[in-house]
Structure formats: structure tokens, C-alpha cells
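Here are the chains, one letter per residue:
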Amino acid sequence: MKDKILKLFNAKTERRKQLIEKGNTCNSVDELRSINTEIEALNEEIRQLQEVIDSMDEGEPQTIEDRSQVNPPQFNPIATYGLRGNQTQIIEDEDVFGTIGYRQAFKNFVINGTPIPEEYRAVQQEQRTDTLTVVGDIGAVIPTNVLNRVIEDLTVEGKILSRVTQTSYQGGVEIPIAEALPTATWLANESTVSDEQKAKMEAKITFGYHVLESKVAIGLLSATVSLPIFETTIVNQLKKAMIKAIENSIVKGSGSGEPKGFTKYTLPTGQNIEMTASTIGTVQAWAEVEGAIPEAYEDDSIYVMSKTTWEKYLNGMTDTTGQRIGLGKINEKGQKILNGREVLTVDKFKSFDAATNGEIFGAVVNLSEYLLNSNLAMYYKKYFNEDKNKWIHKCLMIADGQMAIGEDSSSVLRGAGGLLYLKKKVVTPSGNN
């Protein structure tokens, strides 16, 4: 009887292993979901069989060559970049990286270079197996309480970051636009799919694996610093570095080795609004922009531009007599408003005056349609730079991002209806462009 149960146990374990391997190379979201469903069912069956085996024999299963297969890593194909679904279950009773012991060990590692104790390193190695396998010498995992505070600050304090959509799609998988930004459509019958929905399913986006490195300036810390002060300093330094790097890429990232910024797309002609030095300060020019915003994107789109452009040409707009028009205003919440629409001023754009001919100086965008794909997990490394004779502190995070924009089978851009570029047009004195 026991031999039959063990044989069944081994067969189901092998099947689960095959599914995990298949899922790691699969590029279809639907197939991944099917694989994940079957794996979840196998997990439950294997667990029940293991209980039966344990009740029959108090010892280890003797016919299983690799004991680690009894409870192998769970597979969650929709998780970020192949992170294992049971990552938070490796330690069932407590989060090791949130304990006082680990937090103190992390502090000693950063300040004094004291190696992380082996009991923590074993868990750290197991958790990062599927995460940063390309980086073999990561020094330590950021303590949970520090990481949570950094993430909370990032998503609250970041002007742009707090408005984008956080996703956790697996890297390398094609995601239909219709799945990333679902819409409801009335159907003639249950077997009919609208042409618009078909087009959005054909237009796909794919996320990659980009490593963000941030150098952390903590040279002023000393061994006598208390743990709370040490952790607060780490949070503040990480927050500054991460917000600046991520938000810069969201606006103007090249998409090569970093996320793709929302200003890096080739939009249809009607979504590029040109302004000259003589028209940017007029009501008519900004009415043209408003008119180009589709009704479907009316409520959620905002202006994004430099503070200099806002102050000089909008907040300071005047009529022919020099009287302020009041087209741009600031409401009771402190928000900058133009034609009833919020204006977000950031230092990622050049001012209109500094921009060159044809260069983007602002945009109209629904930032919730920008997808930042990352689990925001960070790893810390400390090493000595022999050339500079000083310790270098840095953190690594895997992230990618892009607008939910793609081309369908007819090469028509989908998902970009509410994105407009404001471009500078230089007119020569003779009137020629």
C-alpha cells in the first residue's frame, strides 16, 4: 500500500516539476494561467499524500531521492519576473528580515562590514534564487520594515510615481492591451467580440528585466548610531535616489536598459500640438490642446510641464493691455489648474524657452495608463573601491515600465488616445519654418 502511495506521490511531483519548467518558457498569458491552475491542484494533492506518508512512517520518505521535492518552490507564473509564489511562506512563523536580530545584523553589516550571520544568509540565498540570479554577490536583503517604509514613501511622496499603475506581470510575456486596461463593451451575443476589443487584444506590450542601481550616501553613519536613526537615514537616502531615478525614466526613459518614458512614442500627427513663441501665451493655443483631448480621456488626463513654462506663459498670461487673464490658476488645494485641468510641474521637461525646434516641452497624459512593472524589492550591497579607497554602498531593484500602448495587426496604435505632446515650433523672422 505504501509503495503505491509513494509511486503516486513521485508521479505527481514529477508532473509539477515539468509544469514549472514549461511555465518558465511559456509566452502566453492564457497558457500560464492554465499551468498555474493545474499546479495549484497538484500542490494540494501532494500535500495530502505527504500527510498519508508521514502517518505511515515517522521517518523521511525513503524512495524520494531529493527530499527537497517534498515541498519544492511553488510556481506563480503571473508574479513579477518569476518570483516564487511561496516567497513569503519560506519562513512560516515569522518574517526573518523583519526581526530585531536581522535588523541589527544588517546595521552591523553596513557600518562595520560584519558578515550577515549564516542563519540569515541561508534564507536570503533561498529567497533570491529566482530573483537576481545574475548578481551572485548581493550582500544583504533590505530589512522588511525599512523596505516597507521606502515603498510607502515612494508611492506617496513621488509626484509622478504616486499616480502610475503598479503591476507585477512576468517579464518576457506579451500582455494584450485589453488585459492591461480592460474596457466593457456591449455584445450582440455571447459569441461576438467587438472589433475594438479584437484590436486591443492584438496590440501587446512586453516587460523586460532592467536593474536599477542607486548609490546610497551613508558615510556619516558611525558604529555608535542607534538602530532607529540608522534605519531612518537609510530610508531617506533610498527614497531620494529611487524617486529621482524612477520618475525620470517614467517621463523620458529610452526603453533600452531602463523603462520607456511616456514622451518616447511616435504619435499620430493630430496628437502633436505645436506652439510658437507668439502663440503659447494665448487662450486660443491652449483651447486647441483641449479640443484635441478625446472625450473618453477628458476626466483623467493632466498637463505635465516645467515650472518655468507654467509660471511664465500660463500663470502669468496677460491680455493685450497687460492685465492677467487668469487662464492658469491655483485652487484651494494648492493644485495648478489650466482650463479646469490639473497641471503637474516637474523638472523632467525643458522649459518652452530652452526647448529646441520640434522638441517636447510638455504633455497631456493619463498617468494611470503608465504601467510600472516591479515588486519594488531591493537588495543591498557594500564593497570597497580600491581606486577611490572608500566603501561603496548601493541598492539594486528590478523594474520596467511603459505606457499601455501597442500596435495591432494593422499597425494602428492602440491605447494612446489620451496622450498628447506639446512641441515647440520655431518660426524664422521671414515667416518660414
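All residue numbers refer to positions counted from 1 along the written sequence of the respective chain. The predicted nature of this model means local features are confined to residues of pLDDT at least 70 and side-chain atom pairs, given and counted, to a pLDDT of 80 or more, with totals for whole chains, interfaces and linings taken over all residues. Only hydrogens and water are removed before side-chain values are computed, so all heavy atoms of the structure are retained for them.

Asker: Got a minute to help me understand helix α9 (residues 283-292) in this structure?
Answerer: Every α-helical turn comprises 3.6 residues, leaving residues that sit three or four positions apart pointing alike. For every residue, the accessible area (1.4 Å probe, protein chains only) is compared with the maximum for its type, and the residue is labelled buried under 20%, exposed over 50%, or partly exposed between those bounds. Comment: elements are numbered from the N terminus, with helices defined as DSSP H or I runs of at least four residues and strands as E runs of at least two. Listed in full, the buried residues belonging to α9 are A285, W286, V289 and E290. Down the axis of α9, the buried side of the element spans an arc of 145°, and every buried residue falls inside it. Across α9 from its buried face, at more than 90 degrees, point the exposed residues Q284 and G291. What the arc describes is the spread of directions from the helix axis to the C-beta atoms.

Asker: Can you walk me through unusual backbone geometry in this structure?
Answerer: With the exception of glycine, the majority of residues adopt a negative phi angle, and the majority of peptide bonds are in the trans configuration. Positive phi, normally seen in glycine, also occurs at N339, with a value near 55°. Summarising the element assignment, N339 is placed in the loop between β9 (336-338) and β10 (341-345). In this structure N339 comes out as partly exposed when scored by relative accessible area, which is 34%.

Asker: Please explain the packing of aromatic side chains as it appears in this structure.
Answerer: The relative placement of two aromatic rings is captured by the distance of their centres and the angle of their planes. Here is the rule: rings of Phe, Tyr and Trp (six-membered ring for Trp) pair when centre to centre is within 6.5 Å. Planes less than 30 degrees apart are stacked, more than 60 are edge-to-face, and the remainder are tilted. Under the criterion given, the structure shown has five aromatic pairs. Look at F262 and F349: their rings are 6.4 Å apart centre to centre, the planes differ by 45°, and that puts the pair in the tilted class. Here F349 lies in the loop between β10 and β11 (360-365) and F262 lies in the loop between α8 (227-252) and β6 (272-275), a separation of 87 residues in the sequence. Here F262 and F349 have matching classes, each one buried.

Asker: I keep staring at the nonpolar core and nothing clicks. Help me out?
Answerer: Generally speaking, soluble globular proteins have nonpolar side chains that are buried together. Take the buried Ala, Val, Leu, Ile, Met, Phe, Trp, Tyr and Cys residues and link them wherever side-chain atoms come within 4.5 Å; each set so joined is a nonpolar core. Counting residues in hydrophobic clusters, the biggest one holds 56 residues, and the most contacted among them are Y102, F106, I142, I160, I250, F262 and F349. The dominant element in this core, judged by the number of residues it contributes, is α8, at 10 residues. Residues I273, W286, Y297 and L338 belong to the second largest nonpolar core, which totals 23 residues.

Asker: Honestly, the side chain of T263 in this entry has me stumped. Any pointers?
Answerer: Mapped onto the secondary structure, T263 falls in the loop between α8 and β6. Look at T263 and you get buried, because its relative accessible area is 13%. Should any heavy atoms of two residues lie within 4.5 Å, those residues are considered in contact. Dropping the residues within four chain positions of it, T263 is found in contact with V251, K252, F349, I360 and Y421.

Asker: Quick question: what am I supposed to make of the pairing of strand β13 (residues 379-385) here?
Answerer: Regular strands place side chains that alternate from one sheet face to the opposite one. With five of seven residues buried, β13 is to be regarded as a mostly interior element. For two strands to count as paired, DSSP must find a minimum of two bridges between them. Note that strand β1 (residues 140-141) and β13 share two bridges and pair antiparallel. Each bridged residue has a counterpart across the sheet, and for A140 the counterpart in β13 is Y380.

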